[in-house]
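Each chain, written out:
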Amino acid sequence: TTSSKTQSTIEQTELSKKKDEVLVLRKQHFCDAVSVSYSNTNPLMIMGGSGSKLYDSDGREFLDTRNNVCHVGHQHPAVVSAVQRQVATLNTNTRYLHPNATLLAQKLANLLPDPLEVVFLVNSGSEANDLALRLARAA
């Protein structure tokens with residue numbers, strides 16, 4: 001029998017050559033507010049990255065100027081190693097107490113001018129924008 005992980009890999013491999021099908025599935029299962037770059041012309045189906053480069057399903061190379069990798073790039077060994085160590089230890093969100101998240105929040109808050117002392121830890125600019133909107137609407 002085929003394991004679910006193997007089946008998922010097979011499906012991903014089959015879809016990697018069918019950009020139109022991926023776009024249809026994405027439109028079906030993603031919120032319209034989550035945009036696709038270049039969807040008005042020819043959306044990029046990015047399958048990998050290394051350093052400052054991205055690679056699409058046709059093997060074309062692109063300089064990545066969008067994905068917050070300008071500091072160290074995709075697949076940087078030090079970042080990959082740190083993420084692997086962390087995920088092997090704990091992979092959760094800030095819903096639970098953990099000293100590292102709390103100490104990071106304190107360090108960030110110490111950089112803020114008075115009277116600001118609260119930080120929000122999010123994983124992307126999009127998530128930060130969504131949170132800002134929610135906070136503004138709740139005010």
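Quick caveat: nothing in here was measured; it's all calculated off a predicted structure.

Caption draft 1: Local environment of the pairing of strand S1 (residues 46-50). Relative to strand S2 (residues 53-56), S1 runs antiparallel, the two sharing four bridges. Within S2, the residue paired with Gly-49 across the bridge is Leu-54. Hairpin remark: S1 followed by S2, antiparallel, with two residues in the connecting loop; positive phi at Gly-51, about 60°.

Caption draft 2: Region of the structure containing the pattern of salt bridges. Applying the stated rule across the entire model yields two salt bridges. Linking Lys-53 and Glu-61 is a salt bridge whose minimum nitrogen-to-oxygen distance equals 3.4 Å. For Glu-61, a relative accessible area of 48% puts it in the partly exposed group. Close ionic contact of Arg-60 with Asp-56 constitutes a salt bridge, the shortest N to O distance being 2.7 Å.

Caption draft 3: Quick look at a nonpolar patch on the surface. Taken together, Val-72, Val-79, Val-83 and Val-87 make up a surface patch of nonpolar side chains, about 300 Å² in accessible area. Residue placement: Val-87 occurs in helix H3 (residues 77-89).

Caption draft 4: Region of the structure containing unusual backbone geometry. The amide bond that connects Asp-114 to the next residue, Pro-115, takes the cis arrangement and shows omega of 5°. Relative to the helices and strands, Pro-115 is located in the loop between helix H4 (99-109) and helix H5 (125-138). Even without being glycine, Gln-75 reaches a positive phi, approximately 60°. Judged by its relative accessible area of 55%, Gln-75 falls in the exposed class.

Quick notes on the rules
- Counting starts from 1 at the beginning of each chain's written sequence and moves along it residue by residue.
- Residues qualify for local features only when their pLDDT is at least 70, as the model is predicted, and side-chain atom pairs are given and counted only at 80 or more; totals for whole chains, interfaces and linings, by contrast, use all residues.
- Derived side-chain values reflect all non-hydrogen atoms in the structure, with water molecules and hydrogen atoms excluded from consideration.
- When DSSP finds two or more bridges between a pair of strands, those strands are recorded as paired.
- In this description a helix means any DSSP run of H or I spanning at least four residues, a strand means any run of E spanning at least two, and both kinds are numbered starting from the N terminus.
- Should a side-chain nitrogen of Lys or Arg be within 4 Å of a carboxyl oxygen of Asp or Glu, the pair is scored as a salt bridge.
- Here's how the labels work: a residue is buried when its accessible area is under 20% of the maximum for its type, exposed when over 50%, partly exposed in between, all with a 1.4 Å probe on protein chains only.
- Exposure above 30% relative accessible area and no salt bridge define the residues that can form patches, which grow by joining like charges within 9 Å and nonpolar side chains of Val, Leu, Ile, Met, Phe, Trp and Tyr within 5 Å.
- Per-residue and other accessible areas were derived by the Shrake-Rupley procedure at a 1.4 Å probe size, with only the shown protein chains allowed to occlude residues.

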